[in-house]
Amino acid sequence: MTLWITLAVNSIAMGGLLFLLSAGFSLIFGLMRIPNLMHGSFFMLGAYFGVSMLAHEVNFWVAALASGLAMAVIGAVIERFLLRRLAGQELAQVLLTLGLSFIVADLCLMIWTGDPWQPSPPPDLRGALRFGGLFFPIYRLAIVVIAVVVAIALWLLVDWTRLGAMIRAGVDDAPIARVVGIPVSRLFTLVFALGAALAAFGGVIGAPYLSVYPGLDGEMLPLALIVVILGGTGSMLGALLGSFIIGFLYNFGQAMFPDLAYVILFLPMLLVLVLRPQGLFGKGTV
Amino acid sequence: MSAAATRGAFLVVALAILATLPAWVGNTYYINIASQILLFAVFALALNVLVGYGGLVSLGHAGLFAVGGYTTALMLQAGQGHLAADLAAVAVTLAMSAVFAVLALRATGIGFLMITLALGQILWGIAYRWANLTNGDNGINVTTRPAPFGITLATATPFYYATLAVFLVALASMALLVRSPFGASLCGTRDQPRRMTALGYNVWLIRFLAFLFSGFWSGVAGILFVYYNQFISPQVAALQTSAEVLLMVISGGTATLAGPVVGAAIVVITKNVVSAYIVRWNLVLGLVFVVIITFMPEGLVPGSARLWRWTWRRRAAPVKTATAGERP
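Visitor: Looking at this model, I keep getting lost on the overall build of chain A. Mind explaining?
Guide: If you tally the helices and strands in chain A, you get eleven helices and two strands. Put simply, chain A runs from its N terminus to its C terminus through helices and strands in the order α-α-α-α-β-β-α-α-α-α-α-α-α. At 19 Å, chain A has a C-alpha radius of gyration in line with the 19 Å of a compact globule built from 286 residues. Its C-alpha atoms put chain A at 60 × 45 × 35 Å along the principal axes. Considering only intrachain contacts with a sequence separation of at least 6, the fraction spanning at least 24 residues in chain A is 75%.

Right, here's the structure in full:
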């Protein structure tokens, strides 16, 4: 029984992290239709930035935000100077982001070596809550709270603000949106930067839990992909639900069928593709 | 000389070079690199059927390649003969290709790419995690190479010729495919899927068969690979491998027969040369991707042809304007 509850708590925490990762992916891939194969690299590079700052005694939250900010700048530069030249050419965008992800992976290996880094959580959130004879690590619960707050903020931003309406207009019909005076290109750069920042922020938040190591990018990218295919592209609610489903499958799969954990992780995606190609909450197909 | 004659002459010269290569190269190391190029050329040609002619970009082909290799290795480990192992590898790869195709062809374009990427990662996950079956990260050793018609392939030169034979059969089958009505209809589904449907073609079935054809040669390339290295590990199924073979197709030029072959040569040679000097192969691979996409998006073979024509025209231009007089 204790094992199950521990697994469930871990699953929810993992779901929260996955949401931070895939919310940005959902914005970039789902809304802007850019197949960003370096999203896992954003996560990993952000995490490395974070651990480097933490090693220099920077406050945890400052490090997470600064890492997100740095990645926003990097993301904006990539979008503005490389991806925009390839607007509408999906294959070229795939190859460009894939190439960049290899460069990032190799540079990270060069700078931060092959050893894993695992910072400790912020001092206020160490230890565990005792409830009904069970221990719940506070930090993992905090991850969930952060994810839910980010989810609500994103939902409000995209669905209820003027900025969100302009982004949606730019996605639906860019030429007409430009005609009515919406700076579509600048908004797209902003959305790409936001997606990159969320991934990097998630990377730092996740570092005490997952640790940071070479290959983390390649592990996170498919997860973001399944979450978005599962939840439906461009749907924040879908991304949130998809994240928690995958969070549970990830933890329970590894505990119960370690050999086939990876297969179990992908099964719901395959089911969704066959039965409901637009995803659980998606409007269009992938 | 007409274009067809030039091409014919080029083909004869290329064949002569390939057929006599071990004689004038001499060194085992270089013969092995040539074998590597040929086996990866088979793989790249296979992927090109989908990428170039079908307009379907797969990032999961390393999975199919690895299925071919792993099935061979596992069958040999279980004490089966080479023929049985190879036939089983082809059969299992074809079955896996069918599964891939059924799932991935739910979408086209980017959706197709993402689904194949995910499917490839599943196969990588199986190779890596299911240690009871695949021996995990330690991989599987293959101790022997086959001896078809009593000729052992244990040394570099016979293995090179066997690979060359397979490569030529693959190339010929691709040439036939491209020129066949099926090849034309495949290009049709790439350019005008709706019109093809309206004309009564079963677009899905055409793509499905093309996927099986591509999967078949990927599996064969996987078998060659496992015999060449006499070892297979999960790294073969990783995304890097899919990306490398896609780079071969793209860098050489999609939808051409020579492109993937040239691309395979470029990537394999670069990889060997770079790895000899620095350990940062992935960095170079990534940079090559970025540079090619930014400056030569149509691929190296058509791109170089374009640059060649461009310089040629510039050199010829003064003469032409002199004779044509008042041309703007």
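Visitor: I tried to follow the overall build of chain B on my own but got confused; where do I start?
Guide: Each helix and strand counted, chain B has 14 helices and two strands in total. The C-alpha radius of gyration computed for chain B amounts to 21 Å, which stays within 12% of the reference 20 Å derived for 328 residues, consistent with globular compactness. C-alpha extents for chain B along the principal axes are approximately 80 × 55 × 40 Å. Taking contacts inside chain B between residues at least 6 apart in sequence as the whole, the part at least 24 apart equals 76%.

Visitor: How do you make sense of the domain arrangement of chain B when you look at a structure like this?
Guide: Much of the literature gives interface size as the accessible area that the parts lose upon coming together. Partitioning chain B into domains gives domain 1 (18-297) and domain 2 (302-328). Put simply, the middle of domain 1 of chain B and the middle of domain 2 of chain B, counted by C-alpha atoms, are 40 Å apart.

Visitor: I tried to follow unusual backbone geometry on my own but got confused; where do I start?
Guide: Outside of glycine, negative phi angles account for most residues, and trans bonds account for most peptide bonds. Notably, arginine 33 of chain A is not glycine yet its phi reads approximately 60°, a positive angle. Mapped onto the secondary structure, arginine 33 of chain A falls in the loop between helix 1 (2-31) and helix 2 (39-55). On the basis of neighbour counts, which here come to 17 C-beta atoms within 10 Å, the residue arginine 33 of chain A falls in the partly exposed class. The residue glutamine 230 of chain B is not glycine, and still its phi comes out positive at about 55°. Examined against the element boundaries, glutamine 230 of chain B turns out to sit in the loop between helix 10 (203-229) and strand 2 (231-232).

Visitor: When you look at the interface of chain A and chain B in this model, what are you seeing that I'm missing?
Guide: In this assembly, 32 residues from chain A lie in contact with 32 residues from chain B. Of all elements in the fold, only helix 4 (90-112), helix 9 (216-231) and helix 11 (261-275) of chain A reach the threshold of two or more residues within the side of chain A that touches chain B. With 13 residues, helix 4 of chain A is the largest single contributor of residues to the side of chain A that touches chain B. Across the side of chain A that touches chain B, the residue classes tally to 26 nonpolar, three polar and three charged.

Visitor: What exactly am I supposed to notice about the nonpolar core here?
Guide: Looking at soluble globular proteins, one finds that nonpolar side chains tend to be buried together. Formed by 190 residues in total, the largest nonpolar core has its most connected members in Ala200 and Ile226 of chain A together with Val42 of chain B. With 17 residues, the top contributor of residues to this core is helix 2 (residues 28-53) of chain B. Contact partners of valine 42 of chain B, with chain neighbours within four places excluded, come to Val166, Phe167, Ala170, Trp217, Val220, Ala221 and Leu224 of chain B.

Visitor: Sorry if this is basic, but what is going on with helix 1 of chain A here?
Guide: Along an α-helix, residues three or four positions apart point the same way, because every turn accommodates 3.6 residues. Residue and element names in this part refer to chain A. For helix 1, spanning 30 residues, the distance from its first C-alpha to its last is 41 Å, which sits close to the expected 44 Å at 1.5 Å a residue. Along its length, helix 1 reaches its greatest deviation from straightness, about 30°, at leucine 21. Within helix 1, 21 of the 30 residues are buried, leaving the element largely enclosed by the surrounding structure. Positioned one or two residues after helix 1, arginine 33 has a phi angle of 60°, which is positive.

Visitor: When you look at the confidence of the model for chain A in this model, what are you seeing that I'm missing?
Guide: Caution is warranted with low-pLDDT regions, since their predicted coordinates should not be read in detail. With 95% of its residues at a pLDDT of 70 or more, chain A shows a mean pLDDT of 86. Looking over chain A, one finds the lowest element-wise mean pLDDT in strand 1 (residues 128-131) of chain A, namely 73, and the highest in helix 2 of chain A, namely 94.

Visitor: Sorry, what's going on with the environment of valine 94 of chain A here?
Guide: With respect to the helices, strands and loops of the structure, valine 94 of chain A is situated in helix 4. For valine 94 of chain A, the contacting residues outside a window of four places in its chain are Pro35 and Leu37 of chain A together with Val57 and Leu113 of chain B.

Visitor: Would you explain the packing of helix 1 of chain A against helix 8 (residues 184-210) of chain A in this entry?
Guide: A pair of packed helices is characterised by two quantities: the angle between their axes and the separation of those axes. All names here are of chain A. Helix 8 packs onto helix 1 with a crossing angle of 165° between their chain directions and a minimal axis gap of 9 Å. On the basis of their axis angle, the class for helix 1 and helix 8 is roughly antiparallel. With respect to the hand of their crossing, helix 1 and helix 8 are arranged in left-handed fashion. In this structure, helix 1 uses Ala13, Leu17, Leu20, Leu21, Ala23, Gly24, Phe25, Leu27, Ile28 and Leu31 to contact helix 8, whose residues at the interface are Val191, Phe192, Leu194, Gly195, Ala196, Leu198, Ala199, Phe201, Gly202, Ile205, Gly206 and Tyr209. Tallied by class, the residues present in the contact of helix 1 with helix 8 amount to 18 nonpolar, four polar and no charged.

Visitor: Looking at this structure, how should I read helix 5 (residues 109-129) of chain B?
Guide: For helix 5 of chain B, built from 21 residues, the straight-helix expectation of 30 Å at 1.5 Å per residue is met to within 8% by its first-to-last C-alpha distance of 30 Å. A large share of helix 5 of chain B lies buried, amounting to 18 of its 21 residues.

Visitor: What is the right way to read the packing of helix 2 of chain A against helix 3 (residues 60-83) of chain A from this model?
Guide: Residue and element names in this part refer to chain A. Closest axis-to-axis distance for the helix 2/helix 3 pair is 9 Å, and the angle between their directions is 140°. The angle between the axes of helix 2 and helix 3 places the two elements in the oblique class. Where helix 2 crosses over helix 3, the two elements pack in a sense that is right-handed. For the pair helix 2 and helix 3, the contacting residues are Phe42, Leu45, Gly46, Phe49, Gly50, Met53 and Leu54 in the first and Phe60, Ala63, Ala64, Ala66, Ser67, Gly68, Ala70, Met71 and Gly75 in the second. Broken down by class, the residue content of the contact of helix 2 with helix 3 amounts to eleven nonpolar, five polar and no charged.

Visitor: So what exactly am I meant to see when it comes to the confidence of the model for chain B here?
Guide: All names here are of chain B. Summarising the model, chain B shows a mean pLDDT of 83, and 93% of its residues fall at 70 or more. Averaged over each element, pLDDT in chain B is lowest for helix 14 (residues 300-324) (62) and highest for helix 10 (93). Here residues 319-328 is modelled with pLDDT under 50, and outside its nearest four sequence neighbours on either side it reaches one contact, counting other chains as well. Two summary scores accompany this predicted model of the complex, namely pTM at 0.83 and ipTM at 0.77.

Visitor: Would you mind going over the environment of isoleucine 110 of chain B with me for this structure?
Guide: By the secondary structure assignment, isoleucine 110 of chain B is in helix 5. Setting aside anything within four residues of it in sequence, one finds isoleucine 110 of chain B in contact with Pro35 and Glu90 of chain A.

Visitor: Explanation requested: the environment of leucine 156 of chain A in the structure shown.
Guide: All names here are of chain A. Among the secondary structure elements, leucine 156 is positioned in helix 5 (residues 138-160). On the neighbour-count criterion, leucine 156 (12 C-beta atoms within 10 Å) is exposed. Between the alpha carbons of leucine 156 and isoleucine 264 there is a distance of 33 Å; along the sequence they are 108 residues apart.

Definitions and cut-offs
- Residues numbered from 1 in each chain as written.
- Chains lettered and ligands numbered in written order.
- Predicted model: local features only at pLDDT ≥ 70, side-chain atom pairs only at ≥ 80, totals over all residues.
- Helix = DSSP H or I, 4+ residues; strand = E, 2+ residues; numbered from the N terminus.
- Rg over C-alpha atoms; globule rule 2.2 N^0.38 Å.
- Contact = placed C-beta atoms within 7 Å.
- Domains from an automatic or database assignment.
- Buried ≥ 20, exposed ≤ 12 C-beta atoms within 10 Å, placed from the backbone.
- Nonpolar A, V, L, I, M, F, W, Y, C, P; charged D, E, K, R; others polar.
- Core = buried A, V, L, I, M, F, W, Y, C linked by C-beta atoms within 7 Å.
- Expected span 1.5 Å × (residues − 1).
- Bend = angle between axes of the 7 residues up to and from the residue.
- pLDDT = per-residue confidence, 0-100.
- Axes fitted to C-alpha atoms, helices over the stretch in contact; angles between N-to-C directions.
- Parallel < 35°, antiparallel > 145°, perpendicular 65-115°, else oblique.
- Left-handed = near helix turned anticlockwise from the far one by under 90°.

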